[in-house]
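The residues making up each chain are set out below.
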Amino acid sequence: MVQGFQTLADSTVATVAKQSGVDRAVGGLSLVDLKIDGEFRRGEIQRGEGRTQGQGGQGQGFGQGGPGGGGSGDTVTGGGASFGVDSFTLYGTDVTVPDLGPLTTSTLTGGRTFRTTETDAAVVVVDSAYAQQKDLAVGDELTVKDVKFEVIGIATADSGQAAAQVYLPLKRAQTLSGSAGKVTTVYVRATDSTKIDAVKTAIQKNVSGTTVTTSADLSQTVSGSLDTAAGLASSVGRWLSYAVLLAAVLVAGLLTSAAVSRRVREFGTLKALGWKSGRVTRQVVGEALVNGVIGGVLGIAVGLAGAYAVTAVSPTLTAELGASTGGFTGRGGMGGMGGGAGFGGGPGAARTAAGRSVDIALTAPVSLTTVGLAVLLALVGGLVAGAFGAWRASRLRPADALRRVE
Amino acid sequence: MYELIGVTKQYRRGQERVDALAGIDLKIAQGDRLVIQGPTGGGKSTLLQMLGGLDRPTAGSVFLDGTDLAGLSEGRLTAIRSRYIGFVFQSFNLIPTLTAQENVETALVPLGVKAAERRRRAAEALESVGLGERLGHLPSELSGGQQQRVAIARALVKRPQVLLADEPTGNLDETTRDEIADLLEGLWRERGLTFVMVTHDSSLARRAPRLATLRKGRVTVTENPKAAGTPAPAGKEG
Ligand SMILES: Nc1ncnc2c1ncn2[C@@H]1O[C@H](COP(=O)(O)OP(=O)(O)OP(=O)(O)O)[C@@H](O)[C@H]1O
Ligand SMILES: [Mg+2]
């Protein structure tokens with residue numbers, strides 16, 4: 001059992017609860033269970049199923065972890081050898097306060113949740129993703145640090161990643177990790193959602209060594225990162241669209257100017273036959289229009305092929321969220337502060353804090369608008385090239401045109 | 001028909017100035033058949049362009065039936081070309097995407113001839129050059145000699161007064177060359193054309209009643225009374 005975060009005395013919970021504007025406060029203990037093949041000392045590797053946990057450097061022993069510990073996944077490679085690592089996160093929750101804390105943003109999808117009396121029971125609620133991964137069901141047994149726990153419930157996070165993979169009563173968590181009377185996180189509910197900022201200020205002032213993250217902060221971070229990733233995805237799509245348009249114009253233009261150059265002689269011949277410049281020009285422009293359509297179609301084909309390729313290869317952009325700003329920071333951060341109960345304020349959003357990632361599939365949207373624009377631009381490109389070609393053709397003295405490559 | 005007075009043509013190639021024609025005085029009567037000869041670069045093609053209104057001289061006058069082509073606008077020159085002058089080129093200059101018939105029709109387009117009439121006349125012209133069976137063929141489907149026949153049909157379909165040919169047999173083998181030469185000569189005789197032909201071929205030159213030799217932009221004319229087909233105004237042929 002590795003203790004992932006700097007701890008606070010659980011008296012802090014009471015101190016926090018006394019701050020003005022605070023309706024209730026509840027403590028919790030975040031833990032990481034890490035099993036590796038014996039050689040590594042505990043705490044040298046800080047792994048959180050592939051993502052950085054908290055503000056690594058500030059936690060005890062963070063960052064100086066096992067060699068190669070910076071990768072993702074469950075394998076730590078060190079000294080040329082591979083070690084199997086099996087880790088999962090635990091969260092000790094105060095079962096006496098069921099309506100506040102990370103579990104409130106998960107929905108029970110199997111079994112039951114903790115009873116308020118199960119303060120020291122050997123029972124756990126498992127996050128559905130982890131349950132699926134480990135093939136756990138209600139009634140199964142889960143061994144944590146040689147202690148057998150019964151799985152009483154499966155919880156599914158309402159959105160994003162769950163705060164922990166396994167929830168257990170706080171007291172049990174403290175005993176397991178040998179940190180009696182310690183918490184890593186305090187969830188706070190404000191009496192009034194309008195007072196959240198005031199509460200934040202008060203806590204930061206009066207309880208030293210805390211980082212306070214409000215759900216507003218969180219949602220900002222979350223949406224900010226999401227925006228970045230989504231923005232990237234859509235800007236790739238946009239550039240692709242530009243590429244489509246550019247291809248269309250270029251193809252049309254090149255086709256037309258190539259056609260004009262190739263046919264200078266023909267135009268010269270027609271002029272020698274007594275064709276007026278205007279008639280020759282119309283001929284060129286007409287052909288340019290055709291080229292424009294061809295260019296447009298080709299451009300679209302190229303663009304769609306590109307879009308298809310991008311989508312097929314499907315690089316997934318991952319937005320890493322919250323790890324550094326979340327409630328579960330190494331400095332014993334205070335959990336997110338829910339709005340007042342009666343105000344329908346944000347849920348204790350701190351559960352999102354443990355650094356979650358949101359996958360944004362990179363699709364390359366080539367919209368109908370783009371297609372239409374491509375055709376239009378190709379026509380324009382063809383016409384511009386055609387007009388240029390026509391201008392050239394009409395300026396061309398027939399004598400010169402005929403002399404070419406003679 | 002033609003009277004050239006002091007015609008010069010200068011080309012500027014960068015700094016260099018080329019006198020393609022350096023003072024040409026020349027008369028060509030209606031129904032005349034003139035062959036122009038001379039070393040390469042002598043100004044033969046340039047002279048032909050002056051006659052055909054494809055280009056204007058730097059100085060001097062090119063009178064065609066009393067009108068000085070040197071003083072005409074591009075538009076007037078275009079109109080004169082479309083009506084009076086037929087061209088045949090060494091490299092045929094057919095439009096590769098058009099059939100033989102359509103190629104011939106292009107000469108009638110600027111005259112505003114209706115499509116049906118164009119087709120009929122084009123077919124007729126192709127028949128007169130021996131290509132009645134090839135109306136729908138693309139140039140690429142025709143031999144060199146046949147392509148030149150199409151070009152000749154195109155030059156004559158509008159019934160011009162002047163036929164200008166710049167090395168019309170230059171790209172053809174000997175047998176075909178003679179066929180084309182005979183064809184042109186026959187057409188000249190038949191139609192009373194004024195016919196000016198540039199050629200490098202001395203055997204063709206020998207057949208001409210009048211021979212102009214262009215050297216360094218200057219012309220010398222030799223009459224050849226013994227030449228075949230002299231004199232040959234239309235209809236007076238025995
Ligand atoms: N557009 C042009 N620009 C510059 N110089 C030109 C141009 N046209 C012709 N010339 C030059 O004028 C001279 C006469 O050219 P022209 O084509 O009339 O000769 P030619 O007698 O027809 O020769 P060839 O037997 O090779 O066809 C040459 O020196 C040629 O290089
Ligand atoms: Mg020449």
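Residues numbered from 1 in each chain as written. Chains lettered and ligands numbered in written order. Predicted model: local features only at pLDDT ≥ 70, side-chain atom pairs only at ≥ 80, totals over all residues. Heavy atoms only, no water.

Per an unreviewed UniProt entry, chain B is named ABC transporter ATP-binding protein, and its organism is Streptomyces filamentosus.

Looking up chain A in an unreviewed UniProt entry gives the name Membrane protein, with the organism given as Streptomyces filamentosus. You can read under Subcellular location (unreviewed entry) in the UniProt record for chain A the words "Cell membrane". According to its UniProt record, chain A has this under Sequence similarities (unreviewed entry): "Belongs to the ABC-4 integral membrane protein family." (UniProt positions renumbered as here; feature names shortened; annotations may be inferred.)

1. Some thoughts on the overall build of chain A
From N to C terminus, chain A includes 9 helices and 15 strands. Within the span of chain A, comprising 406 residues, buried residues form 48% of the whole. Here the analysis covers contacts within chain A between residues at least 6 apart in sequence; of these, 82% occur between residues at least 24 apart. For chain A, the exposed area adds up to about 17800 Å²; of that, 56% sits on carbon and sulfur atoms. (Helix = DSSP H or I, 4+ residues; strand = E, 2+ residues; numbered from the N terminus. Buried < 20%, exposed > 50% of the residue type's maximum accessible area, 1.4 Å probe, protein only. Contact = heavy atoms within 4.5 Å. Areas by Shrake-Rupley, 256 points an atom, 1.4 Å probe, with all protein chains shown as cover.)

2. Some words on the site of ligand 1
Neighbouring residues of ligand 1: 16 residues in total, closest Arg 13, Thr 40, Lys 44, Ser 45 and Thr 46 of chain B. Residues close to ligand 1 are split across chains A and B. In isolation ligand 1 exposes 630 Å². Once the protein is present, 77% of that is buried. Secondary structure elements with two or more residues in the shell around ligand 1: α9 (398–403) of chain A together with β1 (2–13), β2 (16–28) and α1 (44–52) of chain B. Tallying contributions element by element places α1 of chain B first for the shell around ligand 1, with 3 residues. Tallied by class, residues from the shell around ligand 1 come to 4 nonpolar, 7 polar and 5 charged. (Near = heavy atom within 4 Å. Nonpolar A, V, L, I, M, F, W, Y, C, P; charged D, E, K, R; others polar.)

3. Thoughts on the sheet that holds strand β4 (residues 59–64) of chain B
Residues and elements named next belong to chain B. With respect to topology, 4 strands assemble into an open sheet ordered β2-β1-β4-β5, the strand pairing being antiparallel. With one partner strand each, in any of the chains shown, β2 and β5 (67–68) form the two edges of the open sheet. The pairing of β4 with β5 spans 2 bridges and is classified as antiparallel. Note on β5: the bridge partner recorded for Phe 63 is Asp 68. (Pairing = 2+ DSSP bridges.)

4. Quick word on the nonpolar core
In summary, soluble globular proteins display a tendency toward joint burial of nonpolar side chains. Residues and elements named next belong to chain B. One finds Val 104, Leu 126, Val 150, Ile 152 and Leu 163 to be the most contacted residues of the largest nonpolar core, which totals 48 residues. With sequence-adjacent residues up to four places away left out, Leu 126 is seen in contact with Ala 100, Gln 101, Val 104, Leu 131, Gly 132, Leu 135, Val 150 and Ala 153. Within the second largest apolar cluster, 33 residues are counted, among which are Met 1, Ile 24, Met 50 and Leu 72. (Core = buried A, V, L, I, M, F, W, Y, C linked by side-chain atoms within 4.5 Å.)

5. Some remarks on the packing of aromatic side chains
Going through the model one piece at a time under the given rule, you end up with 1 aromatic pair over all chains. Here the aromatic rings of Phe 87 of chain B and Phe 89 of chain B are separated by 5.8 Å at their centres, their planes lie at 10°, and the arrangement is stacked. As far as the burial class goes, Phe 87 of chain B and Phe 89 of chain B line up, both buried. Arg 279 of chain A extends its terminal NZ or CZ atom over the ring of Trp 275 of chain A, reaching a point 5.9 Å from the ring centre. (Phe/Tyr/Trp six-rings, centres within 6.5 Å; stacked < 30°, edge-to-face > 60°. Lys NZ or Arg CZ within 6 Å of the ring centre and 35° of its normal.)

6. What to know about the side chain of Lys 158 of chain B
Along the chain, Lys 158 of chain B falls in the loop between α5 (144–156) and β7 (162–166). At 13 Å, Glu 74 of chain B is the nearest oppositely charged side chain to Lys 158 of chain B, a buried residue that forms no salt bridge. At 2.8 Å, the side chain of Lys 158 of chain B forms a polar contact with the backbone oxygen of Ile 85 of chain B. Setting aside residues up to four positions removed in sequence, Lys 158 of chain B forms contacts with Leu 273 of chain A together with Arg 81, Ser 82, Arg 83, Ile 85, Gly 86, Ala 107, Leu 108, Leu 111 and Arg 121 of chain B. (Lys, Arg positive; Asp, Glu negative; His and termini not counted. Salt bridge = Lys/Arg side-chain N within 4 Å of Asp/Glu carboxyl O. Polar contact = N/O pair within 3.5 Å; in protein donor to acceptor, adjacent residues only side chain to side chain.)

7. Some details on the sheet that holds strand β6 (residues 85–88) of chain B
Residue and element names in this part refer to chain B. The 6 strands are arranged β6-β7-β8-β3-β9-β10 in an open sheet whose pairing can be described as mixed. What marks the edges here is a single partner per strand, and that holds for β6 and β10 (218–223). Neighbour-to-neighbour, the strand axes of this sheet turn through a mean angle of 20°, independent of strand direction. Note: β6 against β7, 4 bridges, orientation parallel. Looking at the pairing, Ile 85 lines up with Val 162 of β7. Against the sheet, α1 touches β3 (33–37), β6, β7, β8 (194–198) and β9 (210–215), its axis set at about 160° to β7. The strands that helix α6 (residues 174–191) touches are β3, β7 and β8; relative to β8, the one it contacts most, it runs at about 160°. (Axes fitted to C-alpha atoms, helices over the stretch in contact; angles between N-to-C directions.)

8. Let's talk about the interface of chain A and chain B
Facing the 18 residues of chain A at the interface are 22 residues of chain B. For the pair chain A and chain B, the two sides together bury roughly 1800 Å², of which 55% comes from carbon and sulfur. Scanning the region where chain A abuts chain B turns up 0 salt bridges. Contributing elements (two or more residues each) for the side of chain A that touches chain B: α6 (264–272) and α9 of chain A. The dominant element in the side of chain A that touches chain B, judged by the number of residues it contributes, is α6 of chain A, at 6 residues. When the residues that make up the side of chain A that touches chain B are grouped by side-chain class, the tally is 7 nonpolar, 2 polar and 9 charged. (Buried area = accessible area lost by both parts, 1.4 Å probe.)

9. Examining the environment of Thr 58 of chain B
All names here are of chain B. Structurally, the position occupied by Thr 58 is in the loop between α1 and β4. Sequence separation between Thr 58 and Ala 70 is 12 residues; the distance between their C-alpha atoms is 8.5 Å. Excluding its chain neighbours within four sequence positions, the residues that come into contact with Thr 58 are Thr 8, Lys 9 and Gln 10.

10. Focus: the environment of Gly 389 of chain A
Residue and element names in this part refer to chain A. Tracing the backbone shows Gly 389 in helix α8 (residues 368–395). Take Gly 389: its relative accessible area is 2%, and that puts it in the buried class. Linking Gly 389 and Gly 253, residues 136 residues apart in sequence, is a C-alpha distance of 9.8 Å.

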